[in-house]
Amino acid sequence: MRIATWNVNSLKVRLPHVLDWLAAEKPDALCLQELKMEDKAFPLEALQEAGYQAIFNGQKTYNGVAILSPQPLADPVRDIPGFEDAQKRIIAGTLGDVRIICGYFPNGQAVGSEKFEYKLRWLAALTEWVRAEMAVHPKLVLTGDFNIAPEDRDAHPDWKDEIHVSAPEREAFRALTELGLTDAFRLFEQEERSFSWWDYRMGAFRRNFGLRIDHLLVSEALTGASTACWVDKAPRKLERPSDHAPVVLDLAP
DNA sequence: ATGGCTCATGATATGAGA
């Protein structure tokens, strides 16, 4: 099974890239973030013509998440149950016996800001919900744009902002792993300075000035089945790219 | 140098992203 995550920064603009990528990489599930569109604008027909179904949780202007898959996803959940939140950041579904949770984690803007506090509240609520989901679904993948670079090696050494690398954010990431989730990317040997996001400005991609903030966390029952995990930088090199690249996980059957 | 680029919006400048 191949599961991937990709913050597309507008599904409207990036739909051609997504369709090309689906055809080339044939994921069993592709988790998308930052659709930036309402559900009524979701390009379901174009995806169906490409052989994909979708569950989605859209929103105008900001946020919005989806999971695309050739096989239907069971038991969809939208938003963190019990957490009051106007922002559409969560969609979950089950493929076979694998529970997939796709999240667009809050950015946080600046350490100490109101948005930063929201990010930490959101992470705490997510963690409690994921704990409950794991009790029901031993095989679980928590994936998406975490907006957290969990370790120093996940950020370019010249990254000056605290946001995405601060102690409270990394503590929240650790709380998720302490539920029994493993960062699948680190199960395998990787190049130094492997990132999944690069600023549009400053020639950041060319200089590999980036952050690794898009993750696939797998439950214990899936660590042994994980056979590969990598960042696919190819779509970041296209015309009008997203600022994020897809991250891909292969699981043995 | 706090910019740079890209996206969306009852837009023609502004906010947000990371």
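Just so you know, these numbers come straight off a predicted model, no measurement behind them.

### A word on the protein's contact with DNA strand B
- Taken together, 25 residues lie around DNA strand B, and S10, E34, Y104, N107 and H164 are the ones closest in.
- Of everything in DNA strand B that lies within 4 Å of the protein, sugar and phosphate atoms constitute 66%.
- Interatomic distance of 3.4 Å between a side-chain N/O atom of D145 and a phosphate oxygen of DNA strand B.
- At 3.1 Å, a side-chain N or O of N147 approaches a phosphate oxygen of DNA strand B.

### As for the UniProt feature "binding site: Mg(2+)" (unreviewed entry) in chain A
- Mapped onto the present numbering, the UniProt feature "binding site: Mg(2+)" (unreviewed entry) falls at N7, E34, D145, N147, D243 and H244. Spatial clustering of the annotated residues is evident: they stretch over 238 residues in sequence, but the largest pairwise C-alpha distance comes to 12.8 Å. Lining the largest pocket, from the residues just named, are N7, E34, D145, N147, D243 and H244.
- If you trace the backbone, D145 turns up in strand β8 (residues 140–145).
- On the basis of relative accessibility, which here comes to 1%, the residue D145 falls in the buried class.
- Other than its neighbours up to four places away in sequence, D145 contacts T5, N7, Q33, G103, Y104, F105, I213, D214 and H244.
- A distance of 2.9 Å separates polar atoms of two side chains, one belonging to D145 and the other to N7.
- Residue position: H244 is located in the loop between β13 (226–231) and β14 (247–251).
- Residue class for H244 comes out buried when judged on its relative accessible area of 4%.
- Those residues in contact with H244, other than ones at most four positions away along the chain, are W6, N7, D145, S196, W197, I213, D214 and R236.
- Here N7 takes part through its side chain, which lies 3.5 Å from a polar atom of the side chain of H244.

Rules used in this analysis
- Residues numbered from 1 in each chain as written.
- Chains lettered and ligands numbered in written order.
- Predicted model: local features only at pLDDT ≥ 70, side-chain atom pairs only at ≥ 80, totals over all residues.
- Heavy atoms only, no water.
- Near = heavy atom within 4 Å.
- Polar contact = N/O pair within 3.5 Å; in protein donor to acceptor, adjacent residues only side chain to side chain.
- UniProt positions renumbered as here; feature names shortened; annotations may be inferred.
- 1 Å grid on protein atoms, 1.4 Å probe; cavity = no way out; pocket = protein on both sides within 12 Å on 5 of 7 lines; lining within 4 Å.
- Helix = DSSP H or I, 4+ residues; strand = E, 2+ residues; numbered from the N terminus.
- Buried < 20%, exposed > 50% of the residue type's maximum accessible area, 1.4 Å probe, protein only.
- Contact = heavy atoms within 4.5 Å.

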